[in-house]
Amino acid sequence: MAVTPPQLPSTPPEDIGELKTRAQLLAGRCLGQLAALAGLPLPADLSRSKGLVGNLLERWLGARAGNRPLPDFTHLGIELKTLPVDSDGKPLQSTYVTKVPLCDLEALEWRTSSVFAKLRHVMWVPIQAEPAVPLAERVVGQAFFWRPSAVEEQLLCADWEYHLARIRAGDVNAIKGSDGAVLQVRPKARSAETITWAELPHQRTMPTRPCGFYLRPSFTEYLVQRYFFDAGRPSP
DNA sequence: ACGTGATCATTT
DNA sequence: AAATGATCACGT
């Protein structure tokens, strides 16, 4: 049977089934082919195009959340994340989630937070990302869907609450990348000199480094392992 | 200027 | 080698 090249969708997927169908057509294809079919040039490397792979997959899957702090497939409540992996399926980078909030801090709650909104339902798309492989030859993997289990949500929530407590206390500039078991707070800005203002409770404000929440590679590695190597196994 | 898409590059 | 802190491009 002839292999039909996929076509760029013009509309978001109507349901998760359509999203899975689109992803299935991309699995096993290389970035060079997908970029060419989309009419986009591929640079030699990602040093000046760090978001290129994510943006390319957004186009191929019909994601349209723009830069809003909402899931990519807004009507489905599903967030798209590409996951750079090596040949063993091990993540090579942390995963950016969303900006760390610096205003209306009193009212924030885990269940209504941007982190929870983004991670409640994630479509992970592994992408071959070893630097030795030319960008155009890197292969798109099998996508998988993840909803945090009760235990996983508790891990995320505990880190989020811990970070928020420090932010509310005015200690955001003291948070280190080593803080948090699965969810980190790290700089997220144009440069180290970029400054924004945190609106702390009781109308205090303070100059602050813009930061983002990130998932540690060890956490996403666990998700990959669970999905691809533990699926369907009987419980002990 | 800010948030999302992330990876880069230096330190540990 | 892994992790942390720094950085690049794009759309709005």
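Scroll up to find the structure this text is about.
First, a word on scope: everything that follows refers to the structure included in this document. (Residues numbered from 1 in each chain as written. Chains lettered and ligands numbered in written order. Predicted model: local features only at pLDDT ≥ 70, side-chain atom pairs only at ≥ 80, totals over all residues. Heavy atoms only, no water.)

**Considerations on the side chain of Lys81**
Here comes step 1: With respect to the helices and strands, the residue Lys81 is situated in strand S1 (residues 79-85).
Here comes step 2: Judged by its relative accessible area of 13%, Lys81 is buried.
Here comes step 3: Polar side-chain contacts of Lys81 include one of 2.7 Å to the backbone oxygen of Tyr96.
Here comes step 4: Among residues more than four places away in sequence, those in contact with Lys81 are Thr95, Tyr96, Val97, Val122, Met123, Trp124 and Val125. (Helix = DSSP H or I, 4+ residues; strand = E, 2+ residues; numbered from the N terminus. Buried < 20%, exposed > 50% of the residue type's maximum accessible area, 1.4 Å probe, protein only. Polar contact = N/O pair within 3.5 Å; in protein donor to acceptor, adjacent residues only side chain to side chain. Contact = heavy atoms within 4.5 Å.)

**Quick word on unusual backbone geometry**
Here comes step 1: Phi angles above zero are rare outside glycine, and His202 is one such case at about 70°.
Here comes step 2: Mapping His202 onto the fold places it in the loop between strand S6 (196-199) and strand S7 (205-208).
Here comes step 3: At Gln203, a residue that is not glycine, the phi angle is positive and equals roughly 65°.
Here comes step 4: With respect to the secondary-structure elements, Gln203 resides in the loop between S6 and S7.
Here comes step 5: The exposed category is assigned to Gln203, whose relative accessible area is 80%.

**A closer look at the protein's contact with DNA strand C**
Here comes step 1: Looking at DNA strand C, there are 18 residues lining it, with Arg48, Asn67, Gly177, Gln184 and Ala192 nearest.
Here comes step 2: A distance of 2.5 Å separates a phosphate oxygen of DNA strand C from a polar atom in the backbone of Ala192.
Here comes step 3: Class assignment of the residues belonging to the surface near DNA strand C gives a composition of three nonpolar, six polar and nine charged. (Near = heavy atom within 4 Å. Nonpolar A, V, L, I, M, F, W, Y, C, P; charged D, E, K, R; others polar.)

**Here's the deal with the packing of aromatic side chains**
Here comes step 1: Under the defined criterion, the tally for this structure stands at nine aromatic pairs.
Here comes step 2: Ring centres of Phe144 and Phe228 lie 5.3 Å apart, and the angle between their planes is 80°; this geometry places the pair in the edge-to-face category. With a gap of 84 residues between them, Phe144 in strand S4 (residues 144-146) and Phe228 in helix H6 (residues 217-229) connect regions that are remote in the sequence.
Here comes step 3: Given the relative accessible area of 2%, Phe144 is considered buried.
Here comes step 4: With relative accessibility at 34%, the residue Phe228 sits in the partly exposed group.
Here comes step 5: Judged by centre distance (6.0 Å) and plane angle (40°), the rings of Phe219 and Tyr222 are tilted. Here Phe219 pairs with Tyr222, and both are found in helix H6, just three residues apart, close to one helical turn.
Here comes step 6: The aromatic ring of Tyr96 is capped on one face by Lys188, whose charged end is 4.3 Å from the ring centroid. (Phe/Tyr/Trp six-rings, centres within 6.5 Å; stacked < 30°, edge-to-face > 60°. Lys NZ or Arg CZ within 6 Å of the ring centre and 35° of its normal.)

**Concerning the protein's contact with DNA strand B**
Here comes step 1: The local shell around DNA strand B holds 26 residues, among which Asn67, Asp72, Thr82, Lys188 and Tyr214 are the closest.
Here comes step 2: Counting only the atoms of DNA strand B within 4 Å of the protein, the fraction contributed by sugar and phosphate is 62%.
Here comes step 3: Residue Gly51 places a main-chain N or O atom 3.3 Å away from a base nitrogen belonging to DNA strand B.
Here comes step 4: Contact distances for DNA strand B include 3.3 Å between a phosphate oxygen and a side-chain N or O atom of Glu79.
Here comes step 5: Within the residue set of the surface near DNA strand B, elements represented by two or more residues are helix H3 (52-61), S1 and strand S2 (95-99).
Here comes step 6: Among the elements that line the surface near DNA strand B, the one with the most residues is S1, at four residues.

**Some remarks on the pattern of salt bridges**
Here comes step 1: As enumerated under the stated definition, the model contains five salt bridges in all.
Here comes step 2: Residues Glu153 and Arg111 are paired through a salt bridge, measuring 2.9 Å at the closest nitrogen-oxygen approach. Of this pair, Glu153 sits in helix H5 (residues 150-168) while Arg111 sits in the loop between S2 and helix H4 (114-119); the two residues are 42 residues apart in sequence, bridging distant segments of the chain.
Here comes step 3: Using a relative accessible area of 16% as the deciding quantity, one classes Glu153 as buried.
Here comes step 4: With a shortest N-O distance of 2.9 Å, Asp179 and Arg166 are connected by a salt bridge. Taken together, the residues Asp179 in the loop between H5 and strand S5 (183-187) and Arg166 in helix H5 connect sequence positions 13 residues apart. Both residues of the pair, Asp179 and Arg166, count as buried.
Here comes step 5: Through salt bridges that share partners, Glu79, Lys81 and Lys118 make up one connected network. (Salt bridge = Lys/Arg side-chain N within 4 Å of Asp/Glu carboxyl O.)

**Topic: the sheet that holds strand S3 (residues 122-128)**
Here comes step 1: The mixed open sheet is built from three strands, whose spatial order is S1-S3-S4. At either end of the open sheet lies a strand with only one pairing partner, and these are S1 and S4. On average, adjacent strands in this sheet sit at an angle of 35° to one another, irrespective of strand direction.
Here comes step 2: With three bridges connecting them, S3 and S4 associate as antiparallel partners. In the sheet register, Met123 faces S4, and the bridge partner there is Phe145.
Here comes step 3: Relative to S1, H3 is tilted by about 135°, and along the sheet it contacts S1 and S3. (Pairing = 2+ DSSP bridges. Axes fitted to C-alpha atoms, helices over the stretch in contact; angles between N-to-C directions.)

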